[in-house]
Amino acid sequence: MFMAFVHDIQNEKAMISIDFLTGIGVLLIAFLFASYTIHSVMTPYTGYSKELYPVADRAATLLVKDEGYWTDGNDFGTEWNTVWDENQTYVRKIGLIKSDGNHTIDSRKLNVFMEKHDSDVSSDVFWWEYPTSSTDSAELENVSRALGLEGYYFYIQIRPVNESLINVSEANTAAIDAVGEQSDVVAVTRLATTEHTTFGQFNGADLFGHASPTKILFVIEPEDFDLITNGITFTISNWLFEDTNESDFQWIRIGNVIDADYDLKDKDKLKDEDYTVFRNGVDVSDSVPFQFNKTDTIKFIIPVSTLDDSLPDRYTSGNAIYLQLNVDSKVEIKDDGQTQFSSTKKSIKYPMKITLWTW
């Protein structure tokens, strides 16, 4: 009886040892699996891509978390978009956040170097990309430097989170064409909110200028010069006419000094090839002067090359930019004075995603 009891205890000890070893084995397997999984999550890239990821991550974070800054050695500030056209080397760091503490992306900074694409769906929503095939090489070098991406190829695309508001096929094709089939490429995406600002939508009933003969006078103040990085675009609709339904657009002039009667001094009349004008979406540049009626929407596009020829010292003169439209006297203006671009400022906010590819 005693021997049987001892034998049972020995068997029980043997069973405990096997169970213990089995448990240890299960735990070891689980630990190895967890380690492998965590390692895969923490290092999603291998080879050269492993070196690219921290570079791309830093640049993407800079775009959505930093204001950026500029300095000319004396003055400095975070509104680097206001000096970009004057001298790109002043910009030491590119960040897209507005300088108001609200942590939103400032579309005025986007528009400085990125190409903006109009939406086919919403007139208030756009998508952006950089660089493109037409990007100037000197500008690309400065953008690369200010983003900390010197020595790397990169492509940035920004689009609204609600992609139904844009031409997704166009945006996807642009990304594929830009990035191509790279063997080592890192893509980093960040979510943000943009405050998109537009200018230049004028109501014909609120126009000022020179009363007789009728000359509509527009003014862009120096603090708004960052609006014109690619030129000046504006539209006029809801015209106010006197006792008629039809008038004539005759010419447009540009300058940076006006007299007491709100008329341009040292007038520089633009040639037909110096700007583009649309009537209800149809290019009528070859028909200047042309007739229009009070229900027409007239859109003007003055490229930056025209500004460079007409006002080469616009950034150093300290003067505003004046545009004067000569129209038939049938068009009424509200009063003598200046029609300010800043008066048409419109801002909307919407969520967006920024993707940076680096290789």
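Here's a quick rundown of the structure. (Residues numbered from 1 in each chain as written. Predicted model: local features only at pLDDT ≥ 70, side-chain atom pairs only at ≥ 80, totals over all residues. Heavy atoms only, no water.)

Section: the overall build of the protein
Stage number 1. Helix and strand counts for the protein stand at 7 helices and 22 strands.
Stage number 2. Taken as a whole, the protein presents about 19,000 Å² of accessible surface, with 51% of it coming from carbon and sulfur. (Helix = DSSP H or I, 4+ residues; strand = E, 2+ residues; numbered from the N terminus. Areas by Shrake-Rupley, 256 points an atom, 1.4 Å probe, with all protein chains shown as cover.)

Focus on the sheet that holds strand S16 (residues 282–283)
Stage number 1. The strand order S9-S12-S18-S15-S16 describes an open sheet built from 5 strands, whose pairing is mixed. Both outer strands of the open sheet, strand S9 (201–203) and S16, are each paired with one neighbouring strand and no more.
Stage number 2. Pairing geometry for strand S15 (residues 276–279) and strand S18 (residues 298–303), over 4 bridges, is antiparallel. What sits directly across from Phe278, in S18, is Lys299. (Pairing = 2+ DSSP bridges.)

So, the side chain of Ser247
Stage number 1. Here Ser247 shows up in strand S13 (residues 246–255).
Stage number 2. The exposure class assigned to Ser247 is buried, which follows from its relative accessible area of 1%.
Stage number 3. The residues touching Ser247, leaving out its near neighbours within four places in the chain, are Phe241, Phe290, Gln291, Phe292, Asp328, Lys330 and Val331. (Buried < 20%, exposed > 50% of the residue type's maximum accessible area, 1.4 Å probe, protein only. Contact = heavy atoms within 4.5 Å.)

Considering the side chain of Glu129
Stage number 1. As for its placement among the helices and strands, Glu129 is situated in strand S6 (residues 126–130).
Stage number 2. No salt bridge is formed by the buried Glu129; the nearest opposite charge belongs to Arg159, separated by 8.9 Å.
Stage number 3. Engagement of the side chain of Glu129 in a polar contact is seen with the side chain of His117, the distance being 2.8 Å.
Stage number 4. Of the polar contacts made by the side chain of Glu129, one reaches the side chain of Tyr155; its length is 2.6 Å.
Stage number 5. When near neighbours in sequence (up to four residues on either side) are disregarded, Glu129 contacts Met114, Glu115, His117, Tyr155, Ile156, Gln157 and Ala174. (Lys, Arg positive; Asp, Glu negative; His and termini not counted. Salt bridge = Lys/Arg side-chain N within 4 Å of Asp/Glu carboxyl O. Polar contact = N/O pair within 3.5 Å; in protein donor to acceptor, adjacent residues only side chain to side chain.)

Thoughts on the pairing of strand S17 (residues 290–293)
When a strand is regular, its side chains alternate between the sheet's two faces.
Stage number 1. Residues of S17 alternate between two faces, with Phe290 and Phe292 buried on one and Gln291 and Asn293 left unburied on the opposite face.
Stage number 2. Here S13 runs beside S17; their pairing, made up of 4 bridges, is antiparallel. In the strand pairing of S17, Asp248 is matched with Gln291.

Comments concerning the packing of aromatic side chains
Stage number 1. Under the definition given, this model contains 20 aromatic pairs.
Stage number 2. Considering the side-chain rings of Phe218 and Phe234, the 4.9 Å spacing of their centres and the 50 degrees angle between planes classify their relative orientation as tilted. With a gap of 16 residues between them, Phe218 in strand S11 (residues 215–220) and Phe234 in strand S12 (residues 231–237) connect regions that are remote in the sequence. This pair shows no difference in class: Phe218 is buried, exactly as Phe234 is.
Stage number 3. When the centroid spacing of 5.0 Å and the interplanar angle of 20 degrees are considered together, the rings of Phe234 and Phe300 count as stacked. Note that Phe234 is positioned in strand S12 and Phe300 in strand S18, a separation of 66 residues in sequence. This pair shows no difference in class: Phe234 is buried, exactly as Phe300 is.
Stage number 4. Every member of this aromatic cluster is reached through a ring pair, and the members are Phe202, Phe218, Phe234, Trp239, Phe241, Phe249, Phe290, Phe292, Phe300 and Phe341.
Stage number 5. Just above the ring of Phe126 sits the side chain of Lys116; from NZ or CZ to the centre is 4.6 Å.
Stage number 6. Arg253 extends its terminal NZ or CZ atom over the ring of Trp251, reaching a point 4.1 Å from the ring centre. (Phe/Tyr/Trp six-rings, centres within 6.5 Å; stacked < 30°, edge-to-face > 60°. Lys NZ or Arg CZ within 6 Å of the ring centre and 35° of its normal.)

Considerations on the nonpolar core
Stage number 1. Residues Trp80, Ile94, Leu96, Ile105, Phe113, Ile156 and Ile158 are the most contacted members of the largest nonpolar core, which totals 47 residues.
Stage number 2. If one sorts the elements of this core by residue count, helix H2 (residues 48–65) sits on top with 7 residues.
Stage number 3. Ignoring sequence-local partners within four residues, the contact set of Leu96 consists of Leu62, Leu63, Asp66, Trp80, Thr104, Ile105, Asp106, Lys109, Leu110, Phe113, Ile158 and Ile354.
Stage number 4. The next biggest cluster of nonpolar side chains, apart from the first, holds 35 residues, and it includes Phe218, Ile232, Leu270 and Val277. (Core = buried A, V, L, I, M, F, W, Y, C linked by side-chain atoms within 4.5 Å.)

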